[in-house]
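Next come the chains, spelled out residue by residue.
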Amino acid sequence: MKYGFDNDKYLRIQSEHIKERIAQFGNKLYLELGGKLFDDHHASRVLPGFQPDSKLRMLSQLSDSAEIVIVISALDIEKNKVRQDLGITYDMDVLRLRTEFMNRGFLVGSVVITHYNGQKSADNYRQKLERLGIKAYYHYTIEGYPHNVALIDSDEGFGRNDYVETTRPLVIVTAPGPGSGKMAVCLSQLYQENKRGIEAGYAKFETFPVWNLPLKHPVNIAYEAATADLNDVNMIDPFHLEAYNKTAINYNRDIEIFPVLDALFEGIYGNNPYKSPTDMGVNMVGFCISDDEACHEASKQEIIRRYYTALNAMANGAGNDSEVAKIALLFKQAGINSAYRNTTVAAKEKQEQTGHTAAAIELEDGTIITSKSSPLLGCSAALLLNSIKHLAGIDHETKLISQSLIEPIQYTKVNYLQGRNPRLHTDEVLVALSVLSTTDEKCRLALEQLPKLKGCQAHTTVMLSEVDHKIFKKLGIDLTCDPVKK
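Because the structure is a prediction, the values reported are computed rather than measured. (Residues numbered from 1 in each chain as written. Predicted model: local features only at pLDDT ≥ 70, side-chain atom pairs only at ≥ 80, totals over all residues. Heavy atoms only, no water.)

Enquirer: Would you take a moment to explain the side chain of Asp 468 for this structure?
Expert: Locating Asp 468 in the fold gives a position in helix α20 (residues 466–475). Those residues within four positions of Asp 468 in sequence are excluded, and the remaining contacts are Ser 380, His 425 and Thr 426. (Helix = DSSP H or I, 4+ residues; strand = E, 2+ residues; numbered from the N terminus. Contact = heavy atoms within 4.5 Å.)

In structure tokens, the structure reads:
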């Protein structure tokens, strides 16, 4: 539970490093942004102390000289691709992102629709954007991209794309998700700017893998676990090793594409300013780790969490064996197994002892609290109650919510709302506790303990409902579940 990351240092040195990169390219830089700009909970889990909105806060220091270009693929518009963590389509997320950025003081210059090949859905979307007063541009599918360098680096390749008009020194290129074509947009703009006699550069801002941590550092292994569905593999950057005789970590896709980028840069500028894919990055995260052991421990927990996420996806018919097998292999690299997670062991033991589905949470001081399901409460709802009672110093046998109050709620759920499960969910328990807190001092004291659950690890022996998942997420509890449906 210890902090292992100096967030203030990160905000300071990362913004300075980006300013230096802008100056390196004649005061015009296209910055491809990988990962999430805000709500980066993976980074905050493996680097305790990293704030989920750190990248946005850092870039806010540069907002007067920055503008944002949002990229979306016409292919994703065509198939109504959904962002799984939010449950909304990519085309809707573009509008959400634009609003979020603008509310934080950023200029959002335009939207680029990539992989365009005459799709009617893309045409309709562009018209929708323009009706909202948003500039929209097409970037076309280029046959043989990215390996057909001769075609790409020509008027029939990048030259065919719409020129995206930008007005500020730093152009941040971001997207709702991977595979959008952000890098191609940046490179196309370099080609277009060069044709107009404007000097501009490119850099990549991606947090993971951390280039100056060892290849098998748990932080980097956790990144592989997080991208197991993409089959990304961390590798030593051979170009960096050859150029500088120094070891740096990158991942397979950037290393594989670098010879192509090298040829494209030479075609545009006559030479490549970068000697390796690692050179292209502006990531200073590795310099801000203040407690390496804390990050080791947090990352190992994240690897196990990703394993259970993959198992749950398979149970829901959405995952695959290869993803689970890859993370199991990463267990060996990290020297762990699922039993390394204390709450996993405690929850399973509780279930064996009681014969009921069970849950466990590890509090900040290392105390393990367990619970089981009952006719009144699900194991997750019982776990929250047991945890906050313990933190408030309330005797375990004390019933904060009486059976006489729970039963009418159950009656409504089953008889009026046609629910199948009469047990109270976590949100229903918290609402009941909130109502009681106006007259019951113990309920009020228990509710005040909820913020102390942030960052705690929890496990259940059954897959929870979407409602319960959301409550745990809002409380900041890192949850895993056995792949067992109720």
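Enquirer: Looking at this structure, how should I read a nonpolar patch on the surface?
Expert: On the surface, Tyr 411, Tyr 416 and Leu 417 cluster together into a nonpolar patch covering about 390 Å² of accessible area. Examined against the element boundaries, Leu 417 turns out to sit in the loop between α17 (403–416) and α18 (426–436). Relative accessible area serves as the criterion here: at 60%, Leu 417 is assigned to the exposed category. (Patch = residues over 30% accessible without salt bridge, like charges linked within 9 Å, V, L, I, M, F, W, Y side chains within 5 Å. Areas by Shrake-Rupley, 256 points an atom, 1.4 Å probe, with all protein chains shown as cover. Salt bridge = Lys/Arg side-chain N within 4 Å of Asp/Glu carboxyl O. Buried < 20%, exposed > 50% of the residue type's maximum accessible area, 1.4 Å probe, protein only.)

Enquirer: Looking at this model, I keep getting lost on the environment of Glu 16. Mind explaining?
Expert: Mapped onto the elements of the fold, Glu 16 is located in helix α1 (residues 7–24). The exposure class assigned to Glu 16 is partly exposed, which follows from its relative accessible area of 38%. For the pair Glu 16 and Leu 62, spaced 46 residues apart in sequence, the C-alpha separation works out to 9.5 Å.

Enquirer: Help me out: how do you make sense of the environment of Gln 24 in this one?
Expert: Locating Gln 24 in the fold gives a position in helix α1. Of the residues examined, Gln 24 reaches a relative accessible area of 44% and is grouped as partly exposed. Between the C-alpha atom of Gln 24 and that of Ala 200, which follows or precedes it by 176 residues, the distance is 9.3 Å.

Enquirer: Help me out: how do you make sense of the sheet that holds strand β2 (residues 66–73) in this one?
Expert: Judged by pairing direction, the sheet is parallel, and its six strands sit side by side in the order β6-β5-β2-β7-β1-β8 without closing on themselves. In this open sheet, the two edge strands, each paired with only one partner strand, are β6 (136–140) and β8 (201–205). Averaged over neighbouring strand pairs, the angle between their axes works out to 25° when direction is ignored. Examined bridge by bridge, strand β5 (residues 107–116) and β6 share four bridges and lie parallel to one another. Looking at β6, one finds that Ile 113 is bridged to Tyr 138. Together, β1 (29–33), β2, β5, β6, β7 (170–174) and β8 form the strand contacts of helix α8 (residues 182–195), whose direction differs from that of β1 by roughly 170°. (Pairing = 2+ DSSP bridges. Axes fitted to C-alpha atoms, helices over the stretch in contact; angles between N-to-C directions.)

Any functional reading would require information that these geometric values do not contain.
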